Structure formats: structure tokens, C-alpha cells
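Chains, contacts and geometry: an overview
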Amino acid sequence: MGKLYVVGIGPGGYENMTLRAVKVIENSEIIVGYTKYIEMIKDLIKNKEVISTGMRAEVERCKKALELSKDHVVSIVSTGDPGIYGMAGLILEMRKDEDVEVIPGLTASSAAASIVGAPLMHDNCNISLSDLMTPYELIKKRIELAASGDFVISLYNPKSKGRPHYLKECIDIVKKYRKGDTPIAVVKNALREGQEHKLFTLDSFDDSVVDMMSVVIIGNSNSYIKDGVFITPRGYKIPQ
Ligand code: SAH
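Here we summarise the structure given alongside this text.

What counts, and where the lines are drawn
Residues numbered from 1 in each chain as written. Predicted model: local features only at pLDDT ≥ 70, side-chain atom pairs only at ≥ 80, totals over all residues. Heavy atoms only, no water. Near = heavy atom within 4 Å. Polar contact = N/O pair within 3.5 Å; in protein donor to acceptor, adjacent residues only side chain to side chain. Nonpolar A, V, L, I, M, F, W, Y, C, P; charged D, E, K, R; others polar. Domains from an automatic or database assignment. Helix = DSSP H or I, 4+ residues; strand = E, 2+ residues; numbered from the N terminus. Contact = heavy atoms within 4.5 Å.

So, about the site of the ligand. Taken together, 19 residues are adjacent to the ligand, and Ile84, Thr107, Ala190, Met212 and Ser214 come closest. Taking Arg192, its side chain carries an N or O atom lying 3.3 Å from a nitrogen atom of the ligand. Between the ligand and the protein, one listed contact pairs an oxygen atom with a backbone N or O atom of Met212 at 2.6 Å. Grouping the amino acids of the shell around the ligand by side-chain chemistry returns 11 nonpolar, 6 polar and 2 charged. Taken together, domain 1 (3–106) and domain 2 (109–231) each give at least three residues to the shell around the ligand, which thus spans both.

Attention now goes to the side chain of Asp81. Within the secondary structure layout, Asp81 lies in the loop between β4 (73–78) and α4 (88–94). There is a polar contact of 2.6 Å between the side chain of Asp81 and the backbone nitrogen of Gly83. Ignoring anything within four residues of it in the chain, the contact list for Asp81 reads Gly86, Pro104, Gly105, Leu106 and Thr107.

Below, the structure is given as C-alpha cells:
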């Protein structure tokens, strides 16, 4: 009897993987994943059969992993958390009677938050600006509602060559509901090689620094910057 683990490998470095993720990968016979993610865990999978596929081959990758898991122990890997814009949903939708277990990982917004301070301390949401599977009208509606609901917003897939103006348009929607000095963080390659971050406000935001390796965190109406650190207060009374 085989098994399929849908494994979150975290943002990219070994030290930010969970022990459970490391263990299931070590105990798997076959590793399936997008070429770039396989590269991130290459030291862990030296003697294993590896099946890597290109960027947009998600359905094919999941089908293969499910097939192999009938007779083998297989890990299909996603960066961050596999249940957040990862492979967990598709695998569970396609599963028939295969044995599947989801192994969570540290998602990009949490990784990014730790680098700039504590921006996610109050109610927050993730919104992906990718319109590959979500109509842009719906994305804008979600931005509008999250902004009017005063959620801290983490933008995944914030910018790509095919839709360079979406980010700016979404920031303009947020501006209708938030003050100009609301903090925004751009974190690129959080907790992995090439890490960079920049803090802005809604008024000073410059989207030219943002790419697909970045996550953008927009504060709520109480968020502020203190000594270069982005904080969203939880609401505790602080003794003076
Ligand atoms: N499952 C992943 C998300 C995949 S969607 C997770 O839970 O993190 C891909 C998007 O995630 C990227 O476009 C980027 O916005 C974000 N992302 C993933 N890893 C990142 C990292 N290390 N630093 C910054 N953003 C990251």
C-alpha cells in the first residue's frame, strides 16, 4: 500500500521547514514537484526518484503523484503551505481512493511578516492577484471588501508581466478606505536566498520593486511603523 503526502516545504530554506515535513520527505520513495521547488530541497532528496515538472503543469503533476501513490510512498511538494495556493486542494479534488495526508508549512505571509515586524497581529486575509483562475473583477471586489472591512491584506502573486497594472489599481482601491500613512511592506524572497524588504506608506508606495517572488502586506487603520518596524496593534493597554 502506498501513500501520498502533500508537503509544504516553507518559504525555501531547510531551517524553516517543519520537522514533520523533513521526516515525510526522508521517508518517501518518490518526490514530485515543480522544478524550482525540487531544487530548494535537493540536499534532502539525493538518493530518491524525483519527478519534476514545469510551472503550469499542475494537473499533470497531481495526476502523476496520485497514480504513483497507489504502490509507493510519494511526496508532492509545494512551497510555503500546500493548502494556501498550493497543491493540496487539487490533489483532494482529484483523489479517488488514494491515501492522502497534508503536511502544513510556513506560508509566505507569515514568513514575510516576521521580517518586517508584526503586521498580521489583527484580522488579516490573503488575496492572490493572479487572474489565471479568478476573474479580475472578483479579485477587485475582494480587495474592496477586505479594505472596507479593515483587514490587513497580504497580496500573493502581486505582479507579473502579463498584468503589470493590477497591483497599482488594487492599491488605489485600498486608498479609498485607508489613510495615506498606512504602512505597506514589500518582502521579496522571504527567508530564502535573495531576501529583500522595503517599507512604504500608501502614499509613497512604489510598485516597481515588486515581482512574483514578493508578498505585499498592507496594514489596517491602526497599523504603524515604529523604529523601522511594521506593527499592527492587537489592542493591549501598554503601561506608560
Ligand atoms: N503555497 C505558497 C504560495 C504559493 S503562490 C505559500 O503558502 O507561501 C506563489 C506566491 O507566493 C508568490 O507569487 C509570492 O507572492 C508568494 N511567495 C511564496 N514564497 C515566497 C517567499 N519566500 N517570499 C515572498 N513571497 C513568497
